[in-house]
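The primary structure of each chain is shown beneath.
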Amino acid sequence: TRPRSCVNTQGLGELLVGFFRCYAREFDFKGGVVSVRTGGHLSKHEKGWTTKERGFRGDRHLFCIEDPFELTHDLGRVCDPQTLSEVKQEIARAHQMLGAEAPLDEVLEKWARSDEQRDQGGGK
């Protein structure tokens, strides 16, 4: 985690590119927790989010985001494997487009499920 005394010297564009780089290339989805409270990442082990919750089919700690007000609450626990895959694909797409200096309005276009994703049972 970073100390709170850090002063940001980056512009908004650099921060946006850094955000997508972090979650496209650096963040450990299997072992990491996003912590807005600390301004960094924690481990699932630190939070005790390494086991499946009773009453849920499958793992509900796939993309962990610590609730900054209720520290035992994982805001990402509603994310299922398919949704996580789609989120990762969209983050990777944005990262790639920003790296290629695509116009921001193209990067921010509304996401739509592809025909292939719909055919795989994701007809949301």
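Keep in mind the model is a prediction, meaning the values are calculated, not measured.

Enquirer: Tell me what's going on with the side chain of D74, and back it up with residues and numbers.
Expert: Structurally, the position occupied by D74 is in the loop between β3 (64–66) and α3 (81–99). In this structure, D74 is buried with no salt-bridge partner, the nearest side chain bearing the opposite charge being R77 at 7.0 Å. Within the local environment of D74, its side chain forms a polar contact with the backbone nitrogen of I65, the two atoms lying 3.0 Å apart. If we ignore the near neighbours within four places in the chain, the residues touching D74 are W49, R60, H61, F63, C64 and I65.

Enquirer: Go over the packing of helix α1 (residues 12–26) against α3, please, and point to the residues and values.
Expert: Between two packed helices, both the angle of their axes relative to each other and the distance between the axes serve to describe the pair. It is at 9 Å that the axes of α1 and α3 come closest, and there the two elements cross at 135°. Between α1 and α3, the interaxial angle falls into the category oblique. Here the hand of the crossing between α1 and α3 comes out left-handed. Mapping the contact onto sequence places L16, V17, F20, R21, Y23, A24 and R25 in α1 and I91, A92, A94, H95 and L98 in α3. Classifying every residue of the contact of α1 with α3 by side-chain character gives 9 nonpolar, 1 polar and 2 charged.

Enquirer: Can you lay out the sheet that holds β3 for me, pointing to particular residues and giving the numbers?
Expert: If you walk across this open sheet you meet the 3 strands as β2-β1-β3, and the pairing is mixed. Edge positions in the sheet fall to β2 (40–43) and β3, since each has one partner strand and no second. For this sheet the average axis-to-axis angle between neighbouring strands, irrespective of direction, equals 35°. Judged from the 3 bridges that link them, strand β1 (residues 32–35) and β3 form a sheet pairing that is parallel. By the bridge assignment, V33 is partnered in β3 with C64.

Enquirer: Break down unusual backbone geometry for me, citing the residues and quoting the values.
Expert: Glycine aside, the phi torsion of most residues is negative, and most peptide linkages are trans. Here the phi dihedral of E101 falls at roughly 60°; this positive angle occurs in a residue that is not glycine. Structurally, E101 can be placed in the loop between α3 and α4 (104–107).

Enquirer: Give me the nonpolar core: which residues, what numbers.
Expert: Within soluble globular proteins, side chains that are nonpolar generally end up buried alongside one another. Counting 15 residues, the largest nonpolar core has Y23, F27, F63 and L84 as its most contacted members. The element that contributes the greatest number of residues to this core is α3, accounting for 5 residues. In contact with F63, other than residues within four places in its own chain, are F27, F29, V34, D74, G76, C79, L84 and V87.

Calculation criteria
- The residue numbers shown here count from 1 along each chain, following its written sequence.
- Local features are withheld for residues below a pLDDT of 70 in this predicted model, meaning they are given only at 70 or higher, and side-chain atom pairs are given and counted only at 80 or more; totals for whole chains, interfaces and linings count all residues.
- The side-chain numbers reported here are obtained from all heavy atoms of the structure, hydrogens and water having been left aside.
- A run of DSSP states H or I qualifies as a helix once it reaches four residues; a run of E qualifies as a strand once it reaches two. Both are numbered from the N-terminal end.
- Residue exposure (1.4 Å probe, protein chains only): buried if accessible area is under 20% of the type maximum, exposed if over 50%, otherwise partly exposed.
- We treat Lys and Arg as the positive residues and Asp and Glu as the negative residues; His and chain ends play no part in the count.
- Any carboxyl oxygen of Asp or Glu that lies within 4 Å of a side-chain nitrogen of Lys or Arg is treated as forming a salt bridge with it.
- Polar contacts here mean pairs of N or O atoms no more than 3.5 Å apart (in protein, one a potential hydrogen donor and the other a potential acceptor; neighbouring residues in sequence count only if both atoms are side-chain atoms).
- Between two residues, a contact is recorded if the distance between any of their heavy atoms is within 4.5 Å.
- A fitted line through C-alpha atoms serves as each axis, taken over the contacting stretch for helices, and the angle formed by two N-to-C directions is quoted from 0 to 180°.
- Each angle receives one of four descriptions, namely roughly parallel if under 35 degrees, roughly antiparallel if over 145, roughly perpendicular if within 65 to 115, and oblique otherwise.
- Each crossing gets its hand from how the near helix is turned against the far one by less than a right angle, where anticlockwise is left-handed and clockwise is right-handed.
- Residues are grouped as follows: Ala, Val, Leu, Ile, Met, Phe, Trp, Tyr, Cys and Pro are nonpolar; Asp, Glu, Lys and Arg are charged; all remaining types, including Gly, are polar.
- By the convention used here, strands pair only if DSSP detects at least 2 bridges between them.
- Residues belong to a common nonpolar core when they are buried Ala, Val, Leu, Ile, Met, Phe, Trp, Tyr or Cys residues joined through side-chain atoms within 4.5 Å.

Remember, this is a structural readout, not a statement about activity or role.
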